[in-house]
Amino acid sequence: MTSPQSMLVLSGVTRYFGNVAALQDVSLELGAGQVLCLVGHSGCGKSTLLRAIAGIETLDAGSIAIDGAPVSGEGVFVEPEHRRIGFMFQDYALFPHLSVWDNIGFGLSQLTRGERESRISNVLGRIGIESLADRYPHMLSGGEQQRVALARALAPQPRLLLMDEPFSNLDRGLRDRVRQETLSIVRDLGTTAVVVTHDPEEALAIGDMVALMQKGKLVEAGTGERIYDAPWTTYAARFFSRMNVIPARLSAGVLETPLGRFPAPALEGVPTVLLRPQSIILREAGIAATIVDRSVLGEIEELLVAVSGIDRPLVVRGTDRHDVRPGDDVFISVNAHEVMIFPQEADPN
Ligand SMILES: Nc1ncnc2c1ncn2[C@@H]1O[C@H](COP(=O)(O)OP(=O)(O)OP(=O)(O)O)[C@@H](O)[C@H]1O
């Protein structure tokens, strides 16, 4: 039973293209006013899922409900124009021959002229682009086009706003600002939104809920903080940050590794042990290691250190600078509570 405050419910959503399972048994529930971020590598099925929600794509199995009413599923298919969904495309898809005013008014033909005019000026004001009303798309910067596309998607007051890589056409500096502004408008309006991105950092920054996909399947979903701090899968752990893989074996509830012994949960078999670069620290004493490389990446210093018993050098990152050179002997220590231990699992990497 769908709870009344769920704006979007996906149950077992499945879509094949020939032999390719673009979506396999995807189930998710999104509360009204929440922002969901779909993230994953290219080809994992993000766009197909967005298109299925919009009704541009049909399902082979499963169902989709919006605001408590089924829109796709066994014997049900509500046409896209009747779903009350706003769609914002990566390339904005503004109509080149229409002014900004008319672009925004395009989806409002069911309103009276007066209603339409007040709706357009309202949304122009909300997004702070009143001065652009008479311009044509070719007279707008990338950031301005993005805002117009947002205004056009929001003007019909959709129940659900779908955005496919909405910031990827903007330069890095502008992107962060436009992203913040866009999200604050979406949140102020209380709009429920689904945003697609392939950028892990962006996903963590945007979503109330982050859903990580891989090869058509949902790997895991949760708040950005949960999925980053306490991932359930090695796939998620490695998707959201660079990881060192530490060889380990379990013996009597203790994890034995070349970096020391750690308490381990009750697990069977050989676990996968991961450690973030920032969880390893250079110390005056500790585990003996040898510097292999040092590079300064602006704020961050990255060291590669070799440790006996570990095949590949460990990546160590932090904001401190160390006066070390390749071949130097050093000591490292590990923040024990940051050691991530996973039961043995089939890892696709
Ligand atoms: N119309 C189609 N016909 C055949 N195969 C398709 C079609 N649309 C998508 N696919 C396949 O389905 C899979 C998922 O594609 P989708 O576009 O949803 O991925 P994505 O995660 O959005 O990727 P990207 O980030 O590159 O846009 C891919 O293997 C893709 O090749």
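Residues numbered from 1 in each chain as written. Predicted model: local features only at pLDDT ≥ 70, side-chain atom pairs only at ≥ 80, totals over all residues.

Stated formally: UniProt positions are given in the numbering used here, feature names are shortened, and annotations may be inferred rather than shown by experiment.
An unreviewed UniProt entry lists the protein chain under the name ABC transporter ATP-binding protein, with Devosia salina as the source organism. As recorded by UniProt, the Sequence similarities (unreviewed entry) comment attached to the protein chain reads in full: "Belongs to the ABC transporter superfamily."

Brief notes about the overall build of the protein chain
Quick reminder of the rule: The numbering of helices and of strands both runs from the N terminus, where a helix is a DSSP run of H or I of at least 4 residues and a strand a run of E of at least 2. Exposure criterion: with C-beta atoms placed from backbone coordinates, a residue whose C-beta has 20 or more other C-beta atoms within 10 Å is buried, one with 12 or fewer is exposed, and one in between is partly exposed. Any pair of residues counts as being in contact when their C-beta atoms, constructed from backbone geometry, are within 7 Å of one another.
From N to C terminus, the protein chain includes 8 helices and 22 strands. C-alpha extents for the protein chain along the principal axes are approximately 75 × 45 × 35 Å. The buried share of the protein chain, reckoned over its 349 residues, is 34%. Long-range pairs, those at least 24 residues apart, make up 64% of the contacts in the protein chain with a sequence separation of at least 6.

Some words on helix 1 (residues 46–54)
Among the 9 residues that make up helix 1, 7 are buried, leaving the element largely enclosed by the rest of the structure. Lys-46, Thr-48, Leu-49, Leu-50, Ala-52, Ile-53 and Ala-54 are the residues of helix 1 that are buried.

A short note on the environment of Leu-170
Mapped onto the fold, Leu-170 is located in the loop between strand 8 (160–164) and helix 5 (172–189). Look at Leu-170 and you get partly exposed, because 18 C-beta atoms sit within 10 Å. Excluding residues that lie within four positions of it along the chain, Leu-170 makes contacts with Gly-142, Gly-143, Gln-146, Arg-175 and Val-178.

Concerning the site of the ligand
The cut-off we apply is this: Placing the C-beta atom from the backbone, one calls a residue near a molecule or strand if that atom lies within 6 Å of it. Under the convention adopted here, Pro, Cys and the residues Ala, Val, Leu, Ile, Met, Phe, Trp and Tyr are nonpolar, Asp, Glu, Lys and Arg are charged, and Gly plus all remaining residues are polar.
The ligand sits among Phe-17, Val-20, Ala-22, Gly-40, Ser-42, Gly-43, Cys-44, Gly-45, Lys-46, Ser-47, Thr-48 and His-198. When contributions to the shell around the ligand are tallied by element, the ones reaching two or more residues are strand 2 (20–31) and helix 1. Taken together, the residues of the shell around the ligand break down into 4 nonpolar, 7 polar and 1 charged.

With respect to the pairing of strand 11 (residues 217–222)
Going by this rule: When DSSP finds two or more bridges between two strands, those strands count as paired.
Note that strand 10 (residues 209–214) and strand 11 share 5 bridges and pair antiparallel. By the bridge assignment for strand 11, Val-210 is matched with Gly-222.

Side note on the sheet that holds strand 13 (residues 249–251)
Spelled out, the test is: Every axis corresponds to a line fitted to the C-alpha atoms, with the helix fit spanning only the stretch in contact, and the corresponding angles, defined between N-to-C directions, vary from 0 to 180 degrees.
Ordered by their spatial adjacency, 3 strands build an open sheet running 13-14-15, and the pairing between neighbours is antiparallel. Pairing within the sheet leaves two strands with one partner each, and these edge strands are strand 13 and strand 15 (260–263). Strand-to-strand, the axes of this sheet are offset by a mean angle of 30 degrees, without reference to chain direction. As paired strands, strand 13 and strand 14 (residues 254–257) are joined by 3 bridges and run antiparallel to one another. Its bridge partner being in strand 14, Leu-250 is matched across the sheet by Leu-255.

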